[in-house]
Amino acid sequence: MRNRILFTLQFLFTLLVAAFLAVPAGLSIAAGVTVNYFRGIQSGVTLQWVAQVWELYAGTILASILIAVGTLAVTLVVGVPAAYALYVRGGRLARVVEEIITLPLAIPGLAIALALLLTYGGFGSFRRSWLFILAGHVIFTMPFMVRSVMAVLATIDVKSLDEGAASVGASPWRRFVDVIVPNAAPGILAGSLMVVTLSLGEFNLTWMLHTPLTKTLPVGLADSYASMRLEVASAYTLIFFVMIIPLLVAMQWIGERGHSR
Amino acid sequence: MNMMTRHGAALKIENCGKTFADGTCALARATLDIGQSETLVLLGPSGCGKTTLLRIVAGLETPDGGGRVLFDGKDLTRQPIEKRNVGMVFQSYALFPNMSVAENIGYGLKLRGLPKAERAAQVAELVALTNLGGLEDRRIDQLSGGQRQRVALARAVAIRPSVLLLDEPLTALDAALRERLRGELNDLLRKLGITAIYVTHDQAEAMELGDRIVVMRKGAIAQIGTPREIYFTPANRFVAEFVGAANIVEAPIEGGELILPGGRVPVAGPATMSRAVAMVRPETIAIADAATTGLAGIVDGVRFAGDRQRIIVRDAASLPLAVDAPNTIKVRTGERVGLSIPPDAIRLLPDEG
Amino acid sequence: MSHKSFVWMCLLPLAAVTAAFFVLPMAHLLVTGAEGPRGLPEYLAIIADPRYRATLLNTVLLAAATTVATLIAATITGLFLQRHRFPGRAVMIAILTFPLAFPGVVIGFMIILLAGRQGTIGDVSSRLLGDKIVFAYSIYGLFLGYLYFSIPRVILTIMAAAQKLDPSLEEAARSLGASPWAVLRDVVLPALAPALVASGAIAFATAMGAFGTAFTLATNIDVLPMLIYTEFTLAGNLATSAALSVGLGVMTWLILALARTFTGNSVAAAG
């Protein structure tokens, strides 16, 4: 009996927490397709707000995708070999490097953005280009890629594989490409999903780094929250959800597959 | 291509030692010659330096300054493993989980730029040679331990290496499988006629597979010889005790005879010292009527082992003697028995104090 | 090329990127903080100046409240979800973890929808009490936003830690006559302590440094990230904003580093 009450109480509390998280998200999805949010859903369902968002903010959406893909490319090319090197080399140097590249997770994005502005704000064409935001995103997402790959490397016998491939004549580069990368694939995939998800949603850095001509989706969102009617802001948020939820589902799926193994 | 042709290089290991960065000496400077097509076994307990020596030959470790590794007279000391053309079977097998059985075996050939068709033909030949037929497309994690071992061997042999290096290749398997694969491995090594270095801590493997055995201890070579030499004429007490069962008896010598508490035993050859450390293998001692032998003792225990029995005899020597007798002899504990030992079965060892 | 030089080659691009876009700028930030009219003591202003000190205190209190509330809510739900199997559990877990990747701005919007001028809470309260409750644009709204942000993260950590808990420990305690509360207090919570410390530190550090939510809700909420932002953009006060952000960075890093030495695990803030 007592267990029953305890269970019910906990269940209700969990339900409450879930509602706290789900209700606003649901509201924003509903508001995005409602003719008039103030009058409620009975005012009719429409895609006009979504269309309006596309008209106003299509550029930010494309820009975000572009930057996310660019960030992914850089973190792959730079981060995967580095993760391998850090794992293989080990020792104090590797620990120090890992600590440094992980710092951007501990330091608020605002501080990093400020630092980038102070250092590169004077380089006009760089400052005005997408690359400026890309640089910030790369710094912010790199640790996720490196750690994700290193975590997988720790579960496979890298030394043996390396020596095994070397024994039949593979050069270090061939070993890396033929044996290390394929076997680190789960970590690379998980890291990639994380990098893209974070880059698409990054605001703290981006808000400081953007210019009127380099606006990303979250920057546009902030703009719409401040200046657009609720329905438009909601429709815009809806588009963001549609972009990001498949990534989250994929991440959760990979995580579960990794656990069940 | 025919895998059955004799191939492989003659190896020379010159003055190779290894001191690690933390100052531990894993291997004292050693010099060794390995003939073409010879199978050399490095035998010793863990930590004896056998794997370090193998890794120096492989190119996975660099020897301390002055050490050299020569393949057919060519100095390869500075070459990394991928430039040495060695085939290596790792203790963990180090198979690539991202490749199928056939891709694992053919990987070295692919690196050498062999056309696809030729590669497939050679892989097929190796698959047949190692009894892996039907498993070509399997993933590594779908194989049993014994199958993995064979894939590792096929991959190493595929590149027609100058020398085949095997690092405890059977250790990861259970006892019954180990014995069977030992036989298969032996047949294969003879068939291929390849130069091979085989590291193991298992004396049975060493005896069966080695043309010569290098017994190692604490980073140094204790003895080099054929399996028979190692077994019958161990150079020292360590080798005698590590390889096979041995009775080690310390006793005075007088007139070419060992003076034991239970009697006297003649030894062969010149025995000029006044005290000796002697080794006698249990199976060379025969149980006989106490009245007819110079040495006698009391049966202390009988351990029946099926194909034979081990009889422990006390009061014959300073320590109880182990005697391996045929399983048909009947003795009882407490019975007095005579022991006959042929003079040439007694091996006098240097006294190491 | 030897393996050793290959490994160095692999590290080189990372070293270059990190040096150019992180180490160098951060050094620049450090120097800039001391280049204001006050010089090096600018770094002390965060504590010495009464206005900044009040903001700092505000931020720390808000972050602490967020952390405590999150840990309580997440521990209850995390343990519950880990221990019971019921229909709809998977959906519930999905709902509770998806907001993990919502950026601060979006969470700010969620809070506006919940407690803003057209929000649900105001709607319900005006119908029930005749009084429209609106608190999204105050520090309470921000508190709710940080709660929204932190709960998913902490739930995940706690569920993972609870999964590793050895059930025989609890059974042993019960066999000795421990009540459910005693089991929770003496066995479960101590076993979860490292996870609680680690995720609590992340929640705290994130709440200290988060900017997006505060930015969306209002520009006049008195927390450190907003102060830095206004000092930089409105007042154009480079040195102060640099010094303040260095101070903020050092604090969040310190919290995470402390948590890490306590738990022996790697801990990092996000978002």
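1. Focus: the confidence of the model for chain B
Residues shown with low pLDDT carry predicted positions that ought not to be read at fine detail.
At step 1: Across chain B, the average pLDDT comes to 90, with 97% of residues at or above 70.
At step 2: Scoring the predicted complex yields pTM 0.84 and, for the interface, ipTM 0.88.

2. A look at the interface of chain A and chain C
At step 1: Taken together, the contact between chain A and chain C spans 82 residues of the former and 78 residues of the latter.
At step 2: Each partner contributes to the roughly 7200 Å² buried at the junction of chain A and chain C, and carbon and sulfur atoms together form 81% of this total.
At step 3: Put simply, E99 of chain A and R260 of chain C hold a salt bridge, and the shortest N to O gap is 2.8 Å.
At step 4: The interface formed by chain A and chain C contains nine residue pairs in polar contact (both at pLDDT 80 or more).
At step 5: Here the element with the most residues in the side of chain A that touches chain C is helix α1 (residues 2-32) of chain A; it accounts for 17 residues.
At step 6: Residues that form the side of chain A that touches chain C fall into these classes: 66 nonpolar, ten polar and six charged.

3. With respect to helix α9 (residues 185-201) of chain A
All names here are of chain A.
At step 1: The terminal C-alpha atoms of α9 lie 24 Å apart, and with 17 residues this matches the ideal 24 Å at 1.5 Å per residue to within 8%.
At step 2: With twelve of 17 residues buried, α9 is to be regarded as a mostly interior element.
At step 3: Buried within α9 are the following residues: G187, I188, G191, S192, L193, V195, V196, T197, L198, S199, L200 and G201.

4. Description of the pairing of strand β11 (residues 247-254) of chain B
Residue and element names in this part refer to chain B.
At step 1: Pairing of β11 with strand β14 (residues 275-280), which is carried by six bridges, proceeds in the antiparallel orientation. Residue pairing in the sheet places P252 in a bridge with R275 of β14.
At step 2: Where β11 and strand β12 (residues 257-260) come together, two bridges link them in antiparallel fashion. When the sheet's bridge partners are listed, E254 is paired in β12 with E257.

5. Quick look at unusual backbone geometry
Note: most peptide bonds trans; most residues except glycine with negative phi.
All names here are of chain B.
At step 1: Phi at S37 takes a positive value of approximately 70 degrees, unusual for a residue other than glycine.
At step 2: Summarising the element assignment, S37 is placed in the loop between β2 (25-34) and β3 (39-43).
At step 3: One non-glycine residue, K218, lies in the positive phi region at around 50 degrees.
At step 4: Turning to its location among the elements, K218 is positioned in the loop between β9 (212-217) and β10 (220-225).

6. A word on the packing of helix α2 (residues 48-89) of chain A against helix α8 (residues 172-183) of chain A
All names here are of chain A.
At step 1: Two numbers describe how α2 lies on α8: the axes approach to 12 Å, and their chain directions differ by 85 degrees. Taken as axis vectors, α2 and α8 run roughly perpendicular relative to one another. Taken together, the residues of α8 that come into contact with α2 (itself represented by V80, P81 and Y84) are F176, I180 and V181.
At step 2: Class assignment of the residues belonging to the contact of α2 with α8 gives a composition of six nonpolar, no polar and no charged.

7. Let's talk about the nonpolar core
At step 1: Grouped together as the largest cluster of nonpolar side chains are 176 residues, with contacts concentrated most on Y107 of chain B together with L29 and L192 of chain C.
At step 2: Those residues within four positions of L192 of chain C in sequence are excluded, and the remaining contacts are L79, I158, A161, A162 and L165 of chain C.
At step 3: Among the nonpolar cores identified, the runner-up in size contains 46 residues, and L135, L143, F238 and V239 of chain B belong to it.

8. A short note on the confidence of the model for chain A
At step 1: Of all residues in chain A, 98% have pLDDT values of 70 or greater, and the mean over the chain is 90.
At step 2: The least confident element of chain A, judged by mean pLDDT, is helix α12 (residues 230-260) of chain A at 84; the most confident is α8 of chain A at 95.

9. Things to note about the pattern of salt bridges
At step 1: Applying the stated criterion across every chain, the model contains 31 salt bridges over all chains.
At step 2: The salt bridge involving D33 of chain B is made with K12 of chain B; its shortest N-O contact spans 3.1 Å. Taken together, the residues span a long stretch of sequence, with D33 of chain B in strand β2 and K12 of chain B in strand β1 (residues 11-19) at a distance of 21 residues.
At step 3: You can call D33 of chain B partly exposed: its relative accessible area is 40%.
At step 4: Note on K12 of chain B: relative accessible area 34%, which makes it partly exposed.
At step 5: E184 of chain B is the partner of R180 of chain B in a salt bridge, and the nearest nitrogen-oxygen pair spans 3.8 Å. One end of the pair, R180 of chain B, and the other, E184 of chain B, are both in helix α5 (residues 175-192), four residues apart, so they sit about a helical turn from each other.
At step 6: The class for R180 of chain B is partly exposed, based on a relative accessible area of 49%.
At step 7: The network of salt bridges with common partners includes K159 and E163 of chain A together with K18, R55 and E61 of chain B.

10. Overview of the arrangement of the chains
At step 1: Contacts are most numerous, across the two pairs of chains in contact, for chains A and C.
At step 2: There is no contact between chain B and chain C; across them, the least C-alpha separation is 7 Å.

11. Considerations on the interface of chain B and chain A
At step 1: At the junction of the two partners, chain B supplies 21 residues and chain A supplies 20 residues.
At step 2: Taken over both partners, the interface formed by chain B and chain A buries close to 1600 Å², and the fraction arising from carbon and sulfur atoms is 58%.
At step 3: Its largest share of buried area at the contact with chain A, chain B owes to E82, Y107 and L111 of chain B, together 32% of the area lost on that side.
At step 4: Summed over the shared surface of chain B and chain A, the number is two salt bridges.
At step 5: The shortest N-O distance in the salt bridge between R55 of chain B and E163 of chain A comes to 2.5 Å.
At step 6: On inspection of chain B and its partner chain A, the count reaches seven residue pairs in polar contact (both at pLDDT 80 or more).

12. Quick look at the sheet that holds strand β5 (residues 74-75) of chain B
Residues and elements named next belong to chain B.
At step 1: Taken in spatial order, the four strands make up an open sheet running β2-β1-β4-β5, and their pairing is antiparallel. With one partner strand each, in any of the chains shown, β2 and β5 form the two edges of the open sheet.
At step 2: The sheet strands contacting helix α1 (residues 50-58) are β1, β2 and β4 (68-71), and the helix crosses β1 at an angle near 120 degrees.

Each value, and the rule that gives it
Each chain carries its own residue numbering, running from 1 in the written order of its sequence. Going through the entries in the order they are written, you letter the chains from A and number the ligands from 1. Where totals are concerned, whole chains, interfaces and linings use all residues; where local detail is concerned, this predicted model gives features only for residues with pLDDT of at least 70, and gives and counts side-chain atom pairs only at 80 or more. To get the side-chain values, take all heavy atoms of the structure and skip hydrogens and water. pLDDT measures the predictor's confidence residue by residue and takes values from 0 up to 100. In this analysis, two residues are considered to be in contact whenever any of their non-hydrogen atoms come within 4.5 Å of each other. Two parts placed together each lose some accessible area under a 1.4 Å probe, and the buried area is that loss summed for both. The term salt bridge refers to a pairing of a side-chain nitrogen on Lys or Arg with a carboxyl oxygen on Asp or Glu at a separation within 4 Å. Here a polar contact is recorded for every N or O atom pair within 3.5 Å, except that within protein the pair must consist of a potential hydrogen donor and a potential acceptor, and residues adjacent in sequence are included only if both atoms are side-chain atoms. Where helices and strands are cited, they refer to DSSP runs of H or I of at least four residues and of E of at least two residues respectively, numbered from the N terminus. The residue classification treats Ala, Val, Leu, Ile, Met, Phe, Trp, Tyr, Cys and Pro as nonpolar and Asp, Glu, Lys and Arg as charged. All others, Gly included, are polar. Take the residue count of a helix, subtract one, and multiply by 1.5 Å to get its expected span. For every residue, the accessible area (1.4 Å probe, protein chains only) is compared with the maximum for its type, and the residue is labelled buried under 20%, exposed over 50%, or partly exposed between those bounds. A strand pair is defined by DSSP finding two or more bridges across the two strands. Every axis corresponds to a line fitted to the C-alpha atoms, with the helix fit spanning only the stretch in contact, and the corresponding angles, defined between N-to-C directions, vary from 0 to 180 degrees. When describing relative orientation, an angle under 35 degrees is termed roughly parallel and one over 145 degrees roughly antiparallel, while 65 to 115 degrees is termed roughly perpendicular and anything else oblique. Definition of nonpolar core: a set of buried residues of the types Ala, Val, Leu, Ile, Met, Phe, Trp, Tyr and Cys, connected through side-chain atoms within 4.5 Å.

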